[in-house]
Amino acid sequence: VPDTRTYNEDTHTRVKATMHAMQPFFALNRESNPEQKFREFLEQNDDCLDWWYKNGDSGKDNFSIVYDGIEKKKKPFYVDFVIRMNDGTICLFDTKTNGSDPEGVNKHNALYDWMQKEKEKRNIKLVGGIIIGTNDFTTWKYSPTYVDNIDKTDGWNEFNPQEYSK
């Protein structure tokens, strides 16, 4: 999470979000429906988290990892959300809908690899990956391991913030 962040009033709107790491919070005007619904989900579970941060989509001030794209070129992947849960677990989630990102498998698997290395190196609790909401966005699922498809969430874990409460 950067110390400061500048928002353009032509592209962002101030939105009430009590648990965002930086106050006030400004949402991107073209925020996707899954991003908005996940943000609302996090706010509804505020008793389980210390804070959440809506990561930017570019630039050195935002969190990213490198992944191998479909064209076999290295690309930056900026996860949508960085979340610190009450028990200290850090969650790194990128919201998607089924079939919405042809690079989704590569992004998820690169993030999974990165998290495994960081867990070993720093002895921290990390959870994350591509996260997909149900049709009504009341339940969110992510894979706790590698994926070969992000269009089917059978066998994926439900993200339940209550599991990370102190």
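Throughout what follows, the structure given in this document is the object of discussion. Numbers given for residues are sequential positions, taken from 1 along each chain in its written order. Given that this is a predicted model, residues contribute local features only at a pLDDT of at least 70 and side-chain atom pairs are listed and counted only at 80 or more, while totals for whole chains, interfaces and linings are drawn from all residues. Side-chain calculation: all heavy atoms of the structure are included, whereas hydrogens and water are not.

Another point: the packing of aromatic side chains. By convention, a stacked pair of Phe, Tyr or Trp rings (six-membered ring in the case of Trp) has centres within 6.5 Å and planes under 30 degrees apart, an edge-to-face pair has planes over 60 apart, and any other such pair is tilted. A complete count under the given rule lists 17 aromatic pairs for this structure. A centroid spacing of 5.8 Å and a plane angle of 55° characterise the contact between Trp52 and Phe81, whose relative ring orientation is tilted. Here Phe81 lies in strand E6 (residues 81–85) and Trp52 lies in strand E3 (residues 49–54), a separation of 29 residues in the sequence. Judged on exposure class, the residue Trp52 and its partner Phe81 are both buried. A positively charged side chain is recorded as over a ring if its NZ (Lys) or CZ (Arg) lies within 6 Å of the ring centre. The angle to the ring normal must also be within 35 degrees. A cation over a ring is seen here: Lys54 above Phe81, with NZ or CZ 5.8 Å from the ring centre. Each helix is a run of DSSP H or I of at least 4 residues and each strand a run of E of at least 2, with the numbering of both proceeding from the N terminus. Any residue under 20% of the maximum accessible area for its type is buried, any over 50% is exposed, and the rest in between are partly exposed; the area is computed with a 1.4 Å probe on protein chains only.

Our next topic: the sheet that holds strand E8 (residues 126–133). With mixed pairing, six strands are arranged side by side in an open sheet as E3-E6-E7-E8-E9-E10. Each end of this open sheet is capped by a strand with a single partner; those strands are E3 and strand E10 (157–158). Strand pairing is defined by DSSP finding a minimum of two bridges between the two strands. The sheet contact formed by strand E7 (residues 90–96) and E8 spans seven bridges and is parallel. Its bridge partner being in E8, Cys91 is matched across the sheet by Val127. Working rule for contacts: check all heavy atoms of both residues, and any pair within 4.5 Å makes them a contact. Every angle, taken between N-to-C directions, lies between 0 and 180 degrees, and every axis is a line fitted to C-alpha atoms, over only the stretch in contact when it is a helix. Seen against the sheet, helix H2 (residues 104–122) touches E7 and E8 and runs at an angle of roughly 160° to E8.

By disulfide we mean two sulfur atoms from cysteines, separated by a distance within 2.5 Å. Counting across every chain of the model gives zero disulfides. Take Cys48: it sits in no disulfide, and the sulfur closest to it among the cysteines is that of Cys91, at 11 Å. For Cys91, a relative accessible area of 0% gives the class buried.

The periodicity of an α-helix, 3.6 residues per turn, causes residues three or four places apart in sequence to face the same way. Here H2 spans 26 Å end to end across 19 residues, near enough to the 27 Å set by a 1.5 Å rise per residue. Of the surrounding secondary structure, the elements contacted by the buried residues of H2 are strand E4 (65–68), strand E5 (74–77), E7 and E8. At the C-terminal side of H2, Asn123 shows a positive phi close to 55°. A helix's residues, less one, multiplied by 1.5 Å, set its expected span.

For the rest of this paragraph, the subject is the nonpolar core. Take the buried Ala, Val, Leu, Ile, Met, Phe, Trp, Tyr and Cys residues and link them wherever side-chain atoms come within 4.5 Å; each set so joined is a nonpolar core. Core analysis: the largest hydrophobic core is formed by 22 residues, its most contacted members being Phe38, Leu42, Trp52, Ile83, Met85, Phe93 and Phe159. Those elements giving two or more residues to this core turn out to be strand E2 (25–28), helix H1 (33–44), E3, E6, E7, E8 and strand E9 (140–142). Contact partners of Phe38, with chain neighbours within four places excluded, come to Phe81, Ile83, Phe93, Thr95, Ile131, Trp140 and Phe159. Of all hydrophobic cores here, the second largest spans 13 residues; its members include Tyr53, Val79, Leu111 and Met115.

Everything listed here is a matter of coordinates, which is why it stays silent on function.
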